[in-house]
Amino acid sequence: VGEAGGEAPEATGLVSRHCRLRPVLPADYDYLYRLLVSPDVGARWRFRGASPSPHDFPAYLGHGVLVQFVADQRATAKPIGLVSAYNADFANQHAWVAMALDPSVQRAGWPLEALLLFIEHTFSAFSFRKLYFEVPAFNLGQFASAIGRALEEEGRLRDHEWYGGAWWDRVHLSLTRERWACLRARYRGIMSP
Amino acid sequence: VADQAAGAVTPDTPLTAVVTDSFAALELHVAIEDATGVALEWDPTLVDTVGDLYAAYVGVAVDRGVSASGG
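Looking at this model, I keep getting lost on the overall build of chain B. Mind explaining?
Of regular secondary structure, chain B possesses 4 helices and 0 strands. Reading the secondary structure of chain B in the N-to-C direction produces α-α-α-α. Residue burial in chain B is summarised as follows: out of 71 residues, 48% are buried. Within chain B, contacts between residues at least 6 apart in sequence are counted, and of these 59% link residues at least 24 apart.

I would appreciate a short explanation of the overall build of chain A in the present structure.
Each helix and strand in chain A was counted, giving 5 helices and 7 strands. In sequence order, chain A lays out its α and β elements as β-α-α-α-β-β-β-α-β-β-β-α. Taken over the C-alpha trace, chain A has a radius of gyration of 17 Å; the compact-globule value for 193 residues is 16 Å, and the two agree within 12%. In terms of its C-alpha atoms, chain A occupies a principal-axis envelope of roughly 60 × 35 × 30 Å. Here chain A holds 193 residues, and the buried ones make up 45% of them. Of the contacts formed within chain A by residues at least 6 apart in sequence, a portion of 61% connects residues at least 24 apart. About 9,900 Å² of surface is accessible on chain A, with carbon and sulfur atoms providing 54% of the total.

I keep staring at the sheet that holds strand β7 (residues 166-176) of chain A and nothing clicks. Help me out?
Hydrogen bonds between backbone groups are what pair the strands of a sheet, and the pairing can be parallel or antiparallel. All names here are of chain A. Read across the sheet, 7 strands follow the order β1-β2-β3-β4-β5-β7-β6 without closing on themselves; strand pairing throughout is mixed. Edge positions in the open sheet fall to β1 (19-23) and β6 (152-163), since each of these has one partner strand only. Strand after strand, the sheet turns through a mean of 30 degrees between neighbouring axes, direction not considered. Note that strand β3 (residues 78-89) and strand β4 (residues 94-101) share 7 bridges and pair antiparallel. Counted as the bridge partner of Ser 84 is Ala 98 from β4.

Looking at this model, I keep getting lost on the pairing of β7 of chain A. Mind explaining?
Two faces make up the sheet, and in a regular strand the side chains alternate between them. Residue and element names in this part refer to chain A. One ladder, built from 7 bridges, connects strand β5 (residues 130-136) with β7; its direction is antiparallel. Residue pairing in the sheet places Tyr 132 in a bridge with Ser 174 of β7. Relative to β7, β6 is paired through 8 bridges, and the arrangement is antiparallel. Residue pairing in the sheet places Gly 155 in a bridge with His 172 of β7. Counting the residues between successive antiparallel strands, the hairpin from β6 to β7 contains 2 residues, one of them, Gly 164, with a positive phi of roughly 60 degrees.

What is the right way to look at the pattern of salt bridges in this model?
Side-chain pairs of opposite charge can arise where the charged atoms are in close proximity. All names here are of chain A. A complete count under the given rule lists 12 salt bridges over all chains for this structure. Between Arg 22 and Asp 72 there is a salt bridge, with the nearest N and O atoms lying 2.6 Å from each other. With Arg 22 in strand β1 and Asp 72 in strand β2 (residues 65-73), this pair connects stretches of sequence that are 50 residues apart. You'll find Arg 22 and Asp 72 in the same group, each marked buried.

Honestly, the packing of helix α4 (residues 112-125) of chain A against helix α5 (residues 177-186) of chain A in this entry has me stumped. Any pointers?
When two helices pack together, their arrangement is given by the angle between the helix axes and the distance between those axes. Residues and elements named next belong to chain A. For the pair α4 and α5, interaxial distance at closest approach is 11 Å and the crossing angle is 130 degrees. The orientation of α4 relative to α5 falls into the category oblique. In the crossing of α4 with α5, the sense of the turn from one axis to the other is left-handed. Contacts between α4 and α5 involve Leu 116, Ile 119, Glu 120 and Phe 123 from the first element and Arg 177, Trp 180 and Arg 184 from the second.

I keep staring at the packing of aromatic side chains and nothing clicks. Help me out?
Any two aromatic rings considered together are summarised by their centre-to-centre distance and by the angle between their planes. Residues and elements named next belong to chain A. Enumeration according to the criterion identifies 10 aromatic pairs over all chains in this entry. Seen from their ring centres, Tyr 33 and Phe 57 are 5.2 Å apart, and the 85 degrees between their planes marks the pair as edge-to-face. On the criterion of sequence distance, the pair formed by Tyr 33 in helix α1 (residues 29-36) and Phe 57 in helix α3 (residues 57-62) is long-range, its members being 24 residues apart. The exposure class assigned to Tyr 33 is buried, which follows from its relative accessible area of 19%. An aromatic cluster is present here, built from Tyr 29, Tyr 33 and Phe 57 joined pairwise through their rings.

Would you mind going over unusual backbone geometry with me for this structure?
All names here are of chain A. The backbone of Gln 93 sits at a positive phi, close to 60 degrees, despite the residue not being glycine. Tracing the sequence through the fold places Gln 93 in the loop between β3 and β4. Phi at Asp 159 takes a positive value of approximately 45 degrees, unusual for a residue other than glycine. Examined against the element boundaries, Asp 159 turns out to sit in strand β6. Assessed through its relative accessible area of 48%, Asp 159 is described here as partly exposed.

Parameters at a glance
Residues numbered from 1 in each chain as written. Chains lettered and ligands numbered in written order. Predicted model: local features only at pLDDT ≥ 70, side-chain atom pairs only at ≥ 80, totals over all residues. Heavy atoms only, no water. Helix = DSSP H or I, 4+ residues; strand = E, 2+ residues; numbered from the N terminus. Buried < 20%, exposed > 50% of the residue type's maximum accessible area, 1.4 Å probe, protein only. Contact = heavy atoms within 4.5 Å. Rg over C-alpha atoms; globule rule 2.2 N^0.38 Å. Areas by Shrake-Rupley, 256 points an atom, 1.4 Å probe, with all protein chains shown as cover. Pairing = 2+ DSSP bridges. Axes fitted to C-alpha atoms, helices over the stretch in contact; angles between N-to-C directions. Salt bridge = Lys/Arg side-chain N within 4 Å of Asp/Glu carboxyl O. Parallel < 35°, antiparallel > 145°, perpendicular 65-115°, else oblique. Left-handed = near helix turned anticlockwise from the far one by under 90°. Phe/Tyr/Trp six-rings, centres within 6.5 Å; stacked < 30°, edge-to-face > 60°.

So, in structure tokens, the structure goes:
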């Protein structure tokens, strides 16, 4: 609660021009299971190629998660992916963020609105200083142009992950609250319905 | 995106050379909106070249390096 007589902060919206974030419901499990264990997405997601049984999937999906949403395309009301914040460290005020995107929309820019909404929600709802992203090097190409512009590389674990018959680095990227304050002003237009 | 477009980009440059990933697509979208003041419904998969992109917005000053003369 702020000072007496102070205005309440503006509510955080979960709707952008093209995307909507909503809670994960049991009805989403089938779609999410297929997405997160698919060959294209599974190796990039937190499961790293593992495939929990469908029966255990809901528990795996929520393991270590602080908050997560299904991202829908507003025009079709169909899901396009999942955004999650996990391994939150409240003592040191940071958390990790992951996004799984349906292969059918991976080349377009508009699905990233879902990630922008989620970052805004996470920074707004929790007092984190930084959000981290862990990315296997073979996946960096999907958003390489963001590094240096929006994200900073903070660490690199050499030859950390086995995928496709080779060892790959795992890269740790960060987004600070201060940098997000600049970015959210830039993206305000597309983050609004 | 703007930095890339300010270099060797011509109207014949494939858009895939400019929009190298999802973030670049998002940035180009925002850059065009900033320059035009118009909210765009643009899907980079619908056009092939920078020229196509410009043609879609002929008459609008896109001053972020994407131009009919190649910036």
